[in-house]
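Summary of the model geometry
For reference, the chains in residue letters:
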Amino acid sequence: QSSRYLQRIFYECQAENSEPNGDRHETNFPNTSSTHNTTVWWSNITNLPAGKQEQESSSTAATAMKPPSTVYDSTYDRAKIVSALSTIMLPIYNKAPVKNIGSYVAFEADGSIAGFTGCTHAHADWPFFSIYNRE
């Protein structure tokens, strides 16, 4: 029996110091975002900040008519784009001859990252990555 119906991409985005549209241009590090207890994440994708046009009208027709320059104007808009990319990310993983491939998308404006690497959770270790000298 196939377990592909269980496959989901992960989405992570910090909530602290975000502007009304979700962009983040500053941080209070090291006072925050240095441990799991001091880092604030968006806990529900439906609570992500929306752009001005999304706030004014939540209709599908109004969203579809957005000009291309504002299609990823807010954290919510970027999450929708990533959701659509899952139709590409998951088949690439499933068809790869060796399952050591993953696909990721990140947005500089809000620091969000999304992707898929199978059943591993290696992306959870990325905040702790460090380079050190072995001398």
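Residues numbered from 1 in each chain as written. Predicted model: local features only at pLDDT ≥ 70, side-chain atom pairs only at ≥ 80, totals over all residues. Heavy atoms only, no water.

With that settled, consider the pairing of strand β3 (residues 112-116). Along β3, five of the five residues are buried, which leaves the element largely enclosed by surrounding structure. Neither face of β3 is left uncovered, since the one carrying Ser112, Ala114 and Phe116 and the one carrying Ile113 and Gly115 both have all their residues buried. For strand β1 (residues 10-12) and β3, the ladder comprises three bridges, and the chain directions are antiparallel. In the sheet register, Glu12 faces β3, and the bridge partner there is Ile113. As paired elements, strand β2 (residues 103-107) and β3 share five bridges and run antiparallel to each other. Within β3, the residue paired with Ser103 across the bridge is Phe116. What sits between β2 and β3 in their antiparallel hairpin is a turn of four residues, with Gly111 showing a positive phi close to 75°. (Buried < 20%, exposed > 50% of the residue type's maximum accessible area, 1.4 Å probe, protein only. Helix = DSSP H or I, 4+ residues; strand = E, 2+ residues; numbered from the N terminus. Pairing = 2+ DSSP bridges.)

Within the protein chain, residue pLDDT values average 77, and 74% of them lie at 70 or more. Highest mean pLDDT in the protein chain belongs to helix α3 (residues 75-95) (88); lowest belongs to helix α2 (residues 60-64) (53). (pLDDT = per-residue confidence, 0-100.)

Here we come to the nonpolar core. Core analysis: the largest hydrophobic core is formed by five residues, namely Val82, Met89, Val105, Phe107 and Ala114. Those elements that place two or more of their residues in this core are α3 and β2. Excluding its chain neighbours within four sequence positions, the residues that come into contact with Val105 are Val82, Leu85, Met89, Ser112, Ile113 and Ala114. (Core = buried A, V, L, I, M, F, W, Y, C linked by side-chain atoms within 4.5 Å. Contact = heavy atoms within 4.5 Å.)

Turning to the pattern of salt bridges, a few remarks are in order. Once their charged atoms are close, side chains differing in charge can pair, the charge on each being opposite to the other. Across all of its chains, the model carries three salt bridges by this definition. Between Arg78 and Asp23 there is a salt bridge, and its shortest N-O distance comes to 2.7 Å. Separated by 55 residues along the polypeptide, Arg78 in helix α3 and Asp23 in the loop between β1 and α1 (52-56) bring together distant segments of the chain. Like Arg78, the residue Asp23 is buried in the burial classification. (Salt bridge = Lys/Arg side-chain N within 4 Å of Asp/Glu carboxyl O.)

Let's shift gears to α3. Under the 1.5 Å per step criterion, the end-to-end length of α3 is 30 Å for 21 residues, consistent within 8% with the ideal 30 Å. Of all the bends in α3, the greatest measures close to 40° and is centred on Leu85. Residues of α3 that are buried include every one of Thr75, Asp77, Arg78, Ala79, Val82, Ser86, Met89, Leu90, Tyr93 and Asn94, and no others. (Expected span 1.5 Å × (residues − 1). Bend = angle between axes of the 7 residues up to and from the residue.)

Here we take up the packing of aromatic side chains. The tally for this structure, following the rule as stated, stands at two aromatic pairs. Ring geometry for Phe10 against Tyr104: centres 6.0 Å apart, planes inclined by 55°, an arrangement best described as tilted. Here the residue Phe10 occupies a position in strand β1, and Tyr104 occupies one in strand β2, the gap between them amounting to 94 residues. Judged by its relative accessible area of 13%, Phe10 is buried. By relative accessible area, which is 33% here, Tyr104 ends up partly exposed. Between the aromatic rings of Tyr93 and Phe116, the centroid separation amounts to 5.0 Å while the plane-to-plane angle is 90°, which identifies the pairing as edge-to-face. With Tyr93 in helix α3 and Phe116 in strand β3, this pair connects stretches of sequence that are 23 residues apart. (Phe/Tyr/Trp six-rings, centres within 6.5 Å; stacked < 30°, edge-to-face > 60°.)

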